[in-house]
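Architecture at a glance
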Amino acid sequence: MSSERIEALLQRALEELHAATTQDALTEWHARYLGRRGDVTALLRQLGTLPPEERPAFGRAANALKEELQRAYEQREREIRELELAARIASEAVDVTLPGRVPPIGTLHPVTQMIREVTDIFAHLGFQVVEGPEVEYGYYAFDALNIPPEHPARDVWDTIFIESDQKEIVLRPHTSPMQIRVMQRRQPPIRVVVPGRCYRYEAVDATHEWHFHQIEGLAVDEHITMADLKGTLAEFARQLFGRERRVRFRCDFFPFVEPGVDFAIDCMFCRGEGCRVCGNSGWIEILGAGMVHPQVLRNVGYDPERYSGWAFGMGVERLVMLKYGVPDIRYFYQGDLRFLQQFDRIPV
Ligand code: YSA
């Protein structure tokens, strides 16, 4: 082969090399010229077929061609790597000067907001916030609260049982068991509020959920009277529902208090005139309460001659329903953002 043809091959190979702009094109090029079946390899193989006097010059020229193409190939490979890197950097570039995307921020659930509002009010009245177990012994949920196994009042709390053989274990149907736990652990004076989840085997409707929240309150000391209970609850109701609220106490029965009361406020929707919300009575019941039963005090080792106390328990969902006019308790647990977002402006 003449030196012109080697030169022509060199020029063609270099042109194609510069036209290659990707790693794949480069690999193809390498196979075409420098690979085992490539043009340069084929050229070198021709060496043996030439007359001996032409071989040295041809061999030098062919090897020089191979070396030059190898060098050019390596150089191009570096360039392509840099080109590809630059293209990637350009396509993945982050413009740090662009305004950021604001992630949607959730808000506290209305029940959590209400728990905070209520516990804040009581904290300012000198109460400590404590919490207790949702899975509870029957002893704390009933027996120690003066509701023995055969007592008919036990049916009032439609209980979900976890274990009913030896030692009864239940999902607590109210927060009252914490009265016992707190009194067993401490000595008076006691002033606590206990927010928490409760569970009942309940047919769900507009005002009943099988899972809901209560806030329990307990005050025990020497010389605690019903007047303290009335003053505290009236102040609480006025802070939560407005200073103009009138309050009402009526007799009620709970086995763990004597006497027991239900506590109501005048309906803020009709101002006591009677409407759909208050069932035309003008009053809305918001909690059950009473003076802690002497037997309950004895059950925790307190002397009822020396100590007296009062307790109350309220439903948190019902408070939210009243305060914001929510017509159905089921809205709270359907996870519907259209409902929940209505509460995102309530100060937390
Ligand atoms: C009473 C006297 C005390 O000295 C202390 C506490 C109590 C309250 C008592 N432990 C109790 O559970 N009473 S209750 O059965 O009437 O429930 C209290 C409140 O919980 C109700 O007024 C209601 O607001 C809420 N509640 C009860 N069952 C509910 C419910 N809320 C939603 N769904 C349910 N299924």
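Small disclaimer: the values here were computed from a predicted structure and weren't measured.

**A few points about the sheet that holds strand β4 (residues 169–171)**
Spatial strand order, β2-β4-β3: 3 strands in an open sheet with antiparallel pairing. At either end of the open sheet lies a strand with only one pairing partner, and these are β2 (135–137) and β3 (160–163). Each neighbouring strand pair of the sheet contributes to a mean axis angle of 40°, computed without reference to strand direction.

**Regarding the pattern of salt bridges**
All told, the structure shown has 17 salt bridges when counted by the stated rule. Salt-bridge contacts for Glu77 lead to Arg81; the nearest nitrogen and oxygen are separated by 3.9 Å. Here Arg81 and Glu77 lie together in helix α4 (residues 55–91), a separation of 4 residues that amounts to about one turn. Owing to a relative accessible area of 21%, Glu77 belongs among the partly exposed residues under this scheme. Taking the shortest distance from any N to any O, the salt bridge between Glu117 and Lys323 comes out at 2.7 Å. Of this pair, Glu117 sits in helix α5 (residues 110–124) while Lys323 is found in helix α10 (residues 316–324), placing the two residues 206 residues apart along the sequence. Exposure remark for Glu117: the relative accessible area of 24% places this residue in the partly exposed category. Lys323 sits in the partly exposed class, given a relative accessible area of 26%. Each of Glu244, Arg245, Arg246 and Asp266 takes part in salt bridges that share partners, so that together they form one network.

**What to know about α10**
Taken together, the buried positions of α10 are Val316, Glu317, Leu319, Val320, Met321 and Leu322. Of the surrounding secondary structure, the elements contacted by the buried residues of α10 are α5, β6 (211–222), α8 (226–241), β9 (283–292) and β10 (307–315). Phi turns positive, to about 65°, at Gly325, one or two residues after α10.

**Re α8**
Over its 16 residues, α8 runs 22 Å from end to end, which matches the ideal 22 Å to within 8%, given 1.5 Å per residue. Residues Leu229, Thr232, Leu233, Ala234, Phe236, Ala237, Leu240 and Phe241 constitute the buried set of α8. On its buried face, α8 sits against α5, β7 (247–252), β8 (257–266), β9, β10 and α10. At the exit of α8 stands Gly242, carrying a positive phi of roughly 115°.

**Some remarks on the sheet that holds strand β1 (residues 128–129)**
Strand order across the open sheet formed by 7 strands is β1-β5-β6-β10-β9-β8-β7, with mixed pairing between neighbours. Here the strands that pair on one side only, and so sit at the sheet edges, are β1 and β7. Where β7 lies against β8, 6 bridges are found, and the strand directions are antiparallel. What sits directly across from Val247, in β8, is Ile265.

Here is what the cut-offs are and how they apply
- Residues numbered from 1 in each chain as written.
- Predicted model: local features only at pLDDT ≥ 70, side-chain atom pairs only at ≥ 80, totals over all residues.
- Heavy atoms only, no water.
- Pairing = 2+ DSSP bridges.
- Helix = DSSP H or I, 4+ residues; strand = E, 2+ residues; numbered from the N terminus.
- Axes fitted to C-alpha atoms, helices over the stretch in contact; angles between N-to-C directions.
- Salt bridge = Lys/Arg side-chain N within 4 Å of Asp/Glu carboxyl O.
- Buried < 20%, exposed > 50% of the residue type's maximum accessible area, 1.4 Å probe, protein only.
- Contact = heavy atoms within 4.5 Å.
- Expected span 1.5 Å × (residues − 1).

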